[in-house]
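Residues per chain, in single letters:
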Amino acid sequence: MIDKRIKTIASVLSDISDGATIMVGGFGEAGSPIELIHALIDNGAKELTVINNNTGNGEVGLAALIGNGQVKKMICSYPRSSHSKVFPELFRAGKIELEIVPQGTLAERIRAGGAGIPAFYTATTIGTPLSEGKEIRNIKGRDYVLEYGLVADFALIKCEEADRLGNLTYNKTARNFNPIMCTAAKVTIVQARKFVEVGDLNPEHVITPNIYVDRIVEVTTPLIESQLIEKGARYP
Amino acid sequence: MIDKRIKTIASVLSDISDGATIMVGGFGEAGSPIELIHALIDNGAKELTVINNNTGNGEVGLAALIGNGQVKKMICSYPRSSHSKVFPELFRAGKIELEIVPQGTLAERIRAGGAGIPAFYTATTIGTPLSEGKEIRNIKGRDYVLEYGLVADFALIKCEEADRLGNLTYNKTARNFNPIMCTAAKVTIVQARKFVEVGDLNPEHVITPNIYVDRIVEVTTPLIESQLIEKGARYP
Amino acid sequence: MSSNTTEKAGWNREEMAQCAARDIPNGSYVNLGIGIPELVARFVPDGREFIYHTENGLLGMGPSPEPGQEDPELINAGKRAVTAVPGASFFHHGDSFTMIRGGHIDVCVLGAMQISQTGDLANWSTGAPDAIPAVGGAMDLVAGVKTILVISQHTTKNGIPKLVENCSYPLTGKSVVSRIYTDLAIIDVTPKGFQLVSLAPGVSFDEVAAKTDAPLLPPTIATKES
Amino acid sequence: MSSNTTEKAGWNREEMAQCAARDIPNGSYVNLGIGIPELVARFVPDGREFIYHTENGLLGMGPSPEPGQEDPELINAGKRAVTAVPGASFFHHGDSFTMIRGGHIDVCVLGAMQISQTGDLANWSTGAPDAIPAVGGAMDLVAGVKTILVISQHTTKNGIPKLVENCSYPLTGKSVVSRIYTDLAIIDVTPKGFQLVSLAPGVSFDEVAAKTDAPLLPPTIATKES
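Here the structure is a predicted model, which means the values were calculated and not measured.

Reading the values: the criteria
Residues numbered from 1 in each chain as written. Chains lettered and ligands numbered in written order. Predicted model: local features only at pLDDT ≥ 70, side-chain atom pairs only at ≥ 80, totals over all residues. Heavy atoms only, no water. Contact = heavy atoms within 4.5 Å. Buried area = accessible area lost by both parts, 1.4 Å probe. Salt bridge = Lys/Arg side-chain N within 4 Å of Asp/Glu carboxyl O. Polar contact = N/O pair within 3.5 Å; in protein donor to acceptor, adjacent residues only side chain to side chain. Helix = DSSP H or I, 4+ residues; strand = E, 2+ residues; numbered from the N terminus. Pairing = 2+ DSSP bridges. Axes fitted to C-alpha atoms, helices over the stretch in contact; angles between N-to-C directions. Buried < 20%, exposed > 50% of the residue type's maximum accessible area, 1.4 Å probe, protein only. pLDDT = per-residue confidence, 0-100. Nonpolar A, V, L, I, M, F, W, Y, C, P; charged D, E, K, R; others polar. Parallel < 35°, antiparallel > 145°, perpendicular 65-115°, else oblique. 1 Å grid on protein atoms, 1.4 Å probe; cavity = no way out; pocket = protein on both sides within 12 Å on 5 of 7 lines; lining within 4 Å. Points joined across faces, edges and corners; volume = space filled by probe spheres on them.

A. Representation of the interface of chain C and chain B in the model. Each partner contributes residues to the interface: chain C has 19 residues there, and chain B has 22 residues. For the chain C and chain B pair, buried surface summed over both sides reaches about 1700 Å², with 57% attributable to carbon and sulfur atoms. Where chain C packs against chain B, one counts one salt bridge. As a salt-bridge pair, Glu-49 of chain C and Arg-164 of chain B come within 3.8 Å of each other at their nearest N and O atoms. Connecting chain C to chain B are ten residue pairs in polar contact (both at pLDDT 80 or more). Contributions of two or more residues to the side of chain C that touches chain B are made by strand 4 (83-90) and helix 2 (93-101) of chain C.

Below, the structure is given as structure tokens:
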């Protein structure tokens, strides 16, 4: 019987090692797999390349992973935050690299990576500094820039419901980057708010089909990042 | 109040005129908008370019549209059928053009057209006659062929449920090309098996968000192509 | 907000948003940028229905929830709590930017740091050496949405014009802006440059022209100073 | 089917499918081509669970429905009525070929017209001038799926070898086939060419070699004629 459920959160990502490229789901705190990120801090892997829309908030979750010195490079669209100095300070000190990618191009690069599309053209960034040095091509009278698909060694994902096969649903705007990141990583690791039985999810309503999921751990009451930040919490 | 519902099937596509490019949903008979296709036969527009995975069955639906001499060119992956001689006879007589596109490339070209991606690279067809004469590019050690996004003037779509705003759901494998075609046409025309009230569809379960839909007509008991073919039916 | 109240000549933030809302046709699909553009949603003219898109995966975004009803998993692109109206749908980021990049959004209202007379927009970076570059979805929006409206103060806090011949800040997009709503005036970007559409109450053409760092054309039809 | 019954030497269609099923690891995601490959689903070895993908938008495809239970909107890529198992999901063609092109399907079992000793596959067109070209999803599958298995009669009905030095028919894909299951033998495509893995009952190495239009290497470990 196929069963992708893992009992303990520590063992779900024990094989992430130094130098890995990791996609982390979420847009701000919504859909951010905070328990998996904290497990990655416990794991201690360094020199990571992390792909996320942002760079975390406060001193928990992704910001804590960065603050802990585990991240060599961020690939993101919006590394500023009103609640975190972690990334800006490291960036100004030259201690972390940044690849800035427009949000839609970031999403499409991840989607392309998952879909076996090595590269595509987009009009986004034409005429701006972000397309400088890149290949520009005129197609039917408009300029487009060539962008490459993104793939990762691991994806850390937060979902709402999961069955043992790895079918997933999400909650409202916590869906965001999670489903496309599931498709673009060699190993997709999921924290689910709720395990359900196979057959409980309507096949019409499954958002991530189980083919993209490798491991699932249940976290029934995940930490809420904004609440932690209000309390001034830090991890570890 | 936004209301995209149209009362009569004839008026829903009365503005389709000669030379239009039309995406037609469906994979075989599943998800094929047979009433809309028959309305297009009644409409009589000629010199059409039609994008569909197949070329229809029997002498109803898409096969009848082709048989009626309205189609100048088919873009499809699999124009053979065990139940129709309509396309093969016209093709051998040089009376219809054919652009043969692998099924996944066809799907991705439609998806790209809808997503504002003018072109992308794929490994499909490398080393085969279907990539001859096309631009080949080596990316990270593998050869890929450049393929272009597809757009259309109209899309004819079959769905299960629709609300007045144009949110759609589908039924099982009748989903197939329909959702991506909704995104890639200037005007998307839908036949729905059932109208529902705004708010009846769970926002987590909507497959085609209403932004892609222009007109909807209700067809509560659509014709079933395979049953028509068994009876030897023809249209008109 | 404190620097622009109705006591002064010109439009305040709410009035600028209201002017923009008036120009959006019924049934439009609209994406609102962070800041003053968000206020547009409060001023939908009677008889019109707009459907709001937020790029983090929601079509049919509604107003802020009642206090205490906030859901950290139901937010907008500015990461603030919102609601979903009946007829809404949720989708992932890939699908969300299909709507944007694919030209399916009718109108986007954005803030600006600079707008050039050819419609170039700069609103993401001052280009300062120590600035943390952060572009978000702005470049995707200006490249993909059919009509780009800008709401912005006419000048910076220090009185420096934001409407210029050429942007000195790094661009968000080239030749993308259609119309600008400032505290002083509504101005179109035309093939001939900036052209006044209408003036805010108590504001003169000469004042607007003086605070604009590029030629300003008078309106094609006469505009009364209201 | 009539030409291959168990009375003759060699494997029949069901046995060929069973041989292929035995080589598929537990938990694999599997796409089955039209024809003999469809039979693989009947022979899943005890203790293994495969999840079947059909490119028209279903993961978790189950067996044919009971007569009278067919749903014209629940079909496979061959347009035949199927069922969905518990844990299935439906999706559109774009998402379906993300699974294929993105390398997420572990195994695809296909039919063949010709297979070359370097693993080239021809299974979509004879290239005849009056043939209607029809490729379907075959080129996507061979380009995207991790392991391509072929099930095919060893020769055509007229006795012409299908395993050849170079395909004369238009290719579906270049260097894509891993292993071939014929009525006579199981044969690997190796860097050195065709290599016998095992022989069907009552079939000799020399017979297989004679019916193969390319050099055939003996197995790396001795194989008993069973």
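Read on for the rest.
B. A look at the sheet that holds strand 10 (residues 177-181) of chain D. Residues and elements named next belong to chain D. Spatially, the ten strands line up as an open sheet ordered 4-3-2-1-5-8-10-11-12-13, and their pairing is mixed. In this open sheet, the two edge strands, each paired with only one partner strand, are strand 4 (83-90) and strand 13 (216-217). With respect to the sheet, helix 1 (residues 13-22) is in contact with strand 8 (147-151), strand 10 and strand 11 (185-190), its orientation differing from that of strand 8 by roughly 160°.

C. Region of the structure containing the environment of Asn-52 of chain B. Residue and element names in this part refer to chain B. Looking at where Asn-52 falls in the secondary structure, it is placed in the loop between strand 2 (48-51) and helix 3 (61-67). For Asn-52, a relative accessible area of 4% gives the class buried. Along the chain, Asn-52 and Gly-166 lie 114 residues apart, while their C-alpha atoms are 22 Å from each other. Every residue in contact with Asn-52, bar those within four places of it in the chain, is listed here: Val-24, Gly-25, Gly-26, Leu-62, Met-74, Ile-75, Cys-76, Ser-77, Leu-106 and Met-181. For Asn-52, the side chain forms a polar contact with the main-chain oxygen of Val-24, separated by 2.8 Å.

D. Summary view of the confidence of the model for chain C. All names here are of chain C. Confidence along chain C averages 93 in pLDDT terms, with 94% of residues attaining 70 or more. Every residue in residues 1-6 is under pLDDT 50, and counting partners more than four places away or in other chains gives ten contacts. Listed scores for the predicted complex are pTM 0.96 and ipTM 0.96.

E. Summary view of the interface of chain C and chain A. Each partner contributes residues to the interface: chain C has 36 residues there, and chain A has 45 residues. Buried surface at the junction of chain C and chain A, summed over both partners, amounts to about 3200 Å²; 63% is from carbon and sulfur atoms. Together, Glu-73, His-93 and Ile-132 of chain C form the three largest contributors to the area buried by chain C at its contact with chain A, with a combined 23%. Remark: the boundary between chain C and chain A carries three salt bridges. Across the pair Glu-108 of chain A and Arg-101 of chain C runs a salt bridge whose closest N-O atoms are separated by 3.8 Å. With four residues, helix 2 of chain C is the single largest residue contributor to the side of chain C that touches chain A. Residue composition of the side of chain C that touches chain A, by class: 18 nonpolar, ten polar and eight charged.

F. Layout of the packing of helix 5 (residues 103-115) of chain A against helix 2 (residues 93-101) of chain D. The N-to-C vectors of helix 5 of chain A and helix 2 of chain D enclose an angle of 60°; their axes lie 7 Å apart at closest approach. Classified by the angle between their axes, helix 5 of chain A and helix 2 of chain D sit oblique to one another. Seen from helix 5 of chain A, the contacting residues are Arg-111, Gly-114 and Ala-115 of chain A; seen from helix 2 of chain D, they are Gly-94, Thr-98 and Arg-101 of chain D. Classifying every residue of the contact of helix 5 of chain A with helix 2 of chain D by side-chain character gives one nonpolar, three polar and two charged.

G. Examining helix 2 (residues 34-43) of chain A more closely. Residue and element names in this part refer to chain A. Counting buried residues along helix 2, eight of its ten residues qualify, which places the element largely inside the surrounding structure. Among the residues of helix 2, Ile-34, Glu-35, Leu-36, Ile-37, His-38, Ala-39, Leu-40 and Ile-41 are the ones counted as buried. Following helix 2 by one or two positions, Gly-44 has its phi on the positive side, about 85°.

H. Broad picture of the pairing of strand 5 (residues 107-110) of chain D. Residue and element names in this part refer to chain D. Alternating residues of strand 5 divide into Val-107 and Val-109 and Cys-108 and Leu-110, and every residue in both groups is buried. In the sheet, strand 5 pairs with strand 8 via four bridges, with the strands oriented parallel. The residue bridging Leu-110 from the neighbouring strand is Val-150, located in strand 8.

I. Structural context of the pattern of salt bridges. One pass over the structure, following the stated rule, counts 42 salt bridges over all chains. For Glu-99 of chain A, the salt bridge goes to Lys-73 of chain A, with nearest N and O atoms at 3.2 Å. Remark: Lys-73 of chain A occurs in strand 3 (residues 71-76) and Glu-99 of chain A occurs in strand 4 (residues 97-100); sequence separation between them is 26 residues. Between Lys-158 of chain A and Glu-73 of chain C there is a salt bridge, and its shortest N-O distance comes to 2.8 Å.

J. Representation of empty space enclosed by the protein within the structure. Residues and elements named next belong to chain A. Counted according to the given criterion, the structure contains six cavities of 30 Å³ or more. Space inside the largest cavity adds up to approximately 690 Å³. Grouping the amino acids of the lining of the largest cavity by side-chain chemistry returns 19 nonpolar, eight polar and seven charged. Computed from the structure, the second largest cavity encloses a volume of approximately 80 Å³. Along its surface, the second largest cavity is lined by Val-24, Gly-25, Gly-26, Gly-28, Ser-32, Ile-37, Asn-52, Asn-54, Gly-56, Asn-57, Leu-62 and Glu-225. In terms of residue class, the lining of the second largest cavity is built from three nonpolar, eight polar and one charged.

K. Local environment of the side chain of Thr-190 of chain D. All names here are of chain D. Following the sequence through the fold, Thr-190 ends up in strand 11. Here Thr-190 falls in the buried class, since its relative accessible area comes to 16%. Among the polar contacts made by the side chain of Thr-190, one reaches the main-chain carbonyl oxygen of Gly-193 at a distance of 2.8 Å.

L. Looking closely at helix 1 (residues 13-22) of chain C. Residues and elements named next belong to chain C. Every buried residue belonging to helix 1 is among Glu-14, Met-16, Ala-17, Cys-19, Ala-20 and Ala-21, and all of these are buried. Where the residues of helix 1 are buried, they touch strand 8 (147-151), strand 10 (177-181) and strand 11 (185-190). Two or three places before Glu-14, at the start of helix 1, stands the capping residue Asn-12, its side-chain oxygen 3.1 Å from that residue's backbone nitrogen.

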